[in-house]
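Chain and residue survey
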Amino acid sequence: AGGTCSEPGPFEGAVNTEHREWQAFVSAEGSILLFDSDRPGGYGAADVYVSFRQADGSWGEPRNLGPEVNDEGNSWMASMTADGRFIFFSAHGAIFWVGAEILDALRKEGK
């Protein structure tokens, strides 16, 4: 209530590619973007990626969440608990969860 809405537009930077990106989720504090992509170099048909907001407000280079989340099938629809402790995602027709600490090493890689 009382908010404004702007015209939709694509993310700038490395998040969007000529491949498919979908199911974006932004963490409660706005610093973590989880999304699905079928870009090359992943583990399967669709993988979950993360991008971290940089000090200048841009989004950093996406990182694949790795084999703890992704495999040869489809891993997708990731979200995070409001307290930032757990990531939930879908794979193989089921819902899975993993501790969000898997993001720590990926955040360090991006710096």
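Fair warning: this is a prediction, and the values are worked out from it, not measured in the lab.

1. Quick word on helix α1 (residues 102-109)
Restricting attention to buried positions, one finds in α1 the residues Ile 102, Leu 103 and Leu 106. The arc enclosing the buried residues of α1, seen along the axis, measures out at 80°, which places them on a common side. Where α1 is buried, its residues contact β2 (32-37), β3 (47-52), β4 (63-64), β5 (75-80), β6 (86-91) and β7 (94-99).

2. Describing the sheet that holds β6
Whether parallel or antiparallel, the strands of a sheet pair through hydrogen bonds between backbone atoms. The antiparallel open sheet is built from 3 strands, whose spatial order is β5-β6-β7. Only two strands of the sheet have a single partner each, and these edge strands are β5 and β7. On average, adjacent strands in this sheet sit at an angle of 25° to one another, irrespective of strand direction. Here β5 pairs with β6 via 4 bridges, running antiparallel. Bridged to Trp 76 within β6 is Ser 90.

3. A word on the packing of aromatic side chains
Each aromatic ring pair is described using two quantities: the centre-to-centre distance and the angle formed by the ring planes. Tallied over the full model, the rule gives 4 aromatic pairs. Measuring from ring centre to ring centre gives 5.9 Å for Phe 35 and Tyr 49, while their planes differ by 20°; the resulting arrangement is stacked. With Phe 35 in strand β2 and Tyr 49 in strand β3, this residue pair connects regions lying 14 residues apart in the sequence. The exposure classification of Phe 35 matches that of Tyr 49, with both residues buried. Where Phe 89 meets Phe 96, the ring centres are 5.7 Å apart and the plane angle is 20°; that geometry is what we call stacked. The class of Phe 89 is buried, set by a relative accessible area of 6%. For Phe 96, a relative accessible area of 35% puts it in the partly exposed group. Its guanidinium or amino end placed over the ring of Tyr 49, Arg 39 lies 5.0 Å from that ring's centre, counting from NZ or CZ.

4. Some thoughts on the pattern of salt bridges
Scanning all chains against the criterion turns up 2 salt bridges. Taking the shortest distance from any N to any O, the salt bridge between Asp 38 and Arg 20 comes out at 2.9 Å. Of the two residues, Asp 38 sits in the loop between β2 and β3 while Arg 20 sits in the segment before β1 (21-26), which places them 18 residues apart along the sequence. By relative accessible area, which is 23% here, Asp 38 ends up partly exposed. In this structure, Glu 21 and Arg 39 form a salt bridge, with 3.2 Å as the shortest nitrogen-oxygen distance. Pair noted here: Glu 21 is in strand β1 and Arg 39 is in the loop between β2 and β3, with a separation of 18 residues, a long-range link. Of the two residues, Glu 21 and Arg 39, neither departs from the other in class, the shared state being buried.

Definitions and limits used
Residues numbered from 1 in each chain as written. Predicted model: local features only at pLDDT ≥ 70, side-chain atom pairs only at ≥ 80, totals over all residues. Heavy atoms only, no water. Buried < 20%, exposed > 50% of the residue type's maximum accessible area, 1.4 Å probe, protein only. Helix = DSSP H or I, 4+ residues; strand = E, 2+ residues; numbered from the N terminus. Arc of directions from axis to C-beta. Contact = heavy atoms within 4.5 Å. Pairing = 2+ DSSP bridges. Axes fitted to C-alpha atoms, helices over the stretch in contact; angles between N-to-C directions. Phe/Tyr/Trp six-rings, centres within 6.5 Å; stacked < 30°, edge-to-face > 60°. Lys NZ or Arg CZ within 6 Å of the ring centre and 35° of its normal. Salt bridge = Lys/Arg side-chain N within 4 Å of Asp/Glu carboxyl O.

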